[in-house]
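Examining the three-dimensional arrangement
Listed here are the chains, written in short residue letters.
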Amino acid sequence: MITALRRRPILVLISFCITLAFAGGCAGRIRTEADTLSGIRQLTTGFGRAGEGYFSADSNWVVFQATPPGERQYQMYIARVIREGPEVVGLSRPVRVSPSNSASTCGNFSPDGNTLIFSSTAGNALAPQTAPGFQRGSGTYQWNFEKGMEIFRADGWQSAIAAADPTRGVDLARHKLTSNNAYDAEATYSPDGKHIVFTSDRDGDLDIYTMRADGTDVIRITDKPGYDGGPFFSPNGKRILFRSDRSGDKALQIYTAVLKFDGAGNIVGVERETQLTADGHLNWGPSWHPITRAIIYASSKIGHDNYELFMMRPDGSRPIRITYTPGADILPVFSPDGKMLMWSSKRTADNTTQLFIANFKYPAYLK
């Protein structure tokens, strides 16, 4: 009887710590990356930095941005996925698809796989910029909002890649969907491929816009002062997910917005917005799990020198930490079947940010 009484507080404490782990209390002691990630592999090497990768709908290709040796600006690359059985073990030699003397970013494949979009200053002079467009604290977290950044569309990109000299690449920045002296970037497709959502400062503030896949019918769907960006359509196409610093405290919080459609299925605005995080941290790069609609994102909760990945339910509840390795882990996306996670990480031997991939086990806590 005495032994049983002594054990009970220990069991209660263990149970309490397990509960706290999911809220962050005991997380560092009882959870590891192995709970959700296995077979972690580095996909890119040889770049000064690389990341923000996205899968094609068939999971056979990846588009990402990277700085080639001797250059400072990001350029766009496409590579075929290499598998051994069901395991992704690497990428083929990446082919550059953006031109020299440009800054390029934010590539994305159309759902049918026939079209590639990305943003680039191709054809426009790079504007001198003395400070990043967004920065926090010491400046370790920052990016530029380049003027003259346009969204380009490339149909038939696979044929162009097949015919390209891999040592020279191919210029796919030929057909503009936008044309102005603004920042037009961070573009992604709707699940049916009919619409594109993107970020622009064409009206003087950084807001979210939508347009048809051919670049017509551009409408502004957010209008709060501050940066709204990084939008993604939900798996059913009825909502978008985005990040915003509209609070004015130099933090980024995560929002969703229910879209409004007319009788013909055209996006005409937003019915309502919901703020999912409100913690004073930089919560950014959110994206959807394609099956459960849970949300994965990077956060500065652990510190600005060690961004980690977190997940939460679609309503913002039950946030749970996913990565536990020193070095920034950012810009996470799932494969179309939700079985793999790809993200940008500084967990490298040379301390550069590169693209990583892992097999993903969905956390039972979020079910």
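Presented here is an overview of the structure given in this document. (Residues numbered from 1 in each chain as written. Predicted model: local features only at pLDDT ≥ 70, side-chain atom pairs only at ≥ 80, totals over all residues. Heavy atoms only, no water.)

Thoughts on the packing of aromatic side chains
By convention here, two paired aromatic rings are described through the distance between centres and the angle between planes. Our working rule: Aromatic contacts are taken between Phe, Tyr and Trp rings whose centres are within 6.5 Å, Trp giving its six-membered ring; a plane angle under 30 degrees counts as stacked, one over 60 as edge-to-face, and the others as tilted. Runs of E in the DSSP output that reach at least two residues are strands. Runs of H or I that reach at least four are helices, and both are numbered from the N terminus.
One pass over the structure, following the stated rule, counts 16 aromatic pairs. Seen in terms of ring centroids, Trp 61 and Trp 157 are 5.2 Å apart; in terms of plane orientation they differ by 90 degrees. Their pairing is edge-to-face. With a gap of 96 residues between them, Trp 61 in strand β3 (residues 61-67) and Trp 157 in helix α3 (residues 157-163) connect regions that are remote in the sequence. Here the aromatic rings of Trp 343 and Phe 356 are separated by 6.2 Å at their centres, their planes lie at 35 degrees, and the arrangement is tilted. Here Trp 343, found in strand β26 (residues 340-345), pairs with Phe 356, found in strand β27 (residues 354-360); they are 13 residues apart in sequence, far enough to count as distant.

Details of the sheet that holds strand β25 (residues 329-334)
The condition that has to hold: The pairing criterion for strands is at least two bridges between them, as found by DSSP. Here an axis means a line fitted to C-alpha atoms, over the contact stretch when the element is a helix, while the angle between two N-to-C directions is reported on a 0 to 180 degree scale.
Strand order in the open sheet formed by four strands is β1-β27-β26-β25, and the pairing between neighbours is antiparallel. Each of the sheet's edge strands pairs with one partner strand only, and the pair in question is β1 (37-42) and β25. Across the sheet, the mean angle separating the axes of adjacent strands is 25 degrees when strand polarity is ignored. Two elements, β26 and β27, share six bridges in a ladder whose sense is antiparallel.

What to know about the pairing of strand β21 (residues 283-288)
What counts, and what does not: Classification of residues uses two cut-offs on accessible area relative to the type maximum, computed with a 1.4 Å probe and protein chains only: under 20% is buried, over 50% is exposed, and between them is partly exposed.
Across the six residues that make up β21, a large majority, six, are buried. Where β21 and strand β22 (residues 295-299) come together, four bridges link them in antiparallel fashion. Along β22, the bridge assignment pairs Trp 284 with Ala 298. The turn linking β21 back onto β22 is made up of six residues, and Arg 293 within it adopts a positive phi angle of 70 degrees.

Let's talk about the layout of surface pockets
Rules: Think of a 1 Å grid over just the protein atoms. A cavity is a set of points where a 1.4 Å probe fits yet cannot get out, a pocket is an open set with protein on both sides within 12 Å along at least five of seven lines, and lining residues have an atom within 4 Å of a point. Grid points are joined across faces, edges and corners, and a volume is the space filled by probe spheres set on the points. Each residue gets one label: Ala, Val, Leu, Ile, Met, Phe, Trp, Tyr, Cys and Pro are nonpolar, Asp, Glu, Lys and Arg are charged, and the others, such as Gly, are polar.
By volume, the second largest pocket is sized at about 610 Å³. Around the second largest pocket, the lining comprises 22 residues; the ones closest to its centre are Tyr 189, Phe 232, Pro 290, Phe 334 and Pro 336. Secondary-structure elements contributing two or more residues to the lining of the second largest pocket are β2 (49-55), β7 (104-109), β13 (184-189), β17 (228-233), β21 and β25. Considered class by class, the residues forming the lining of the second largest pocket number 15 nonpolar, seven polar and no charged.

Geometry only, nothing functional implied.
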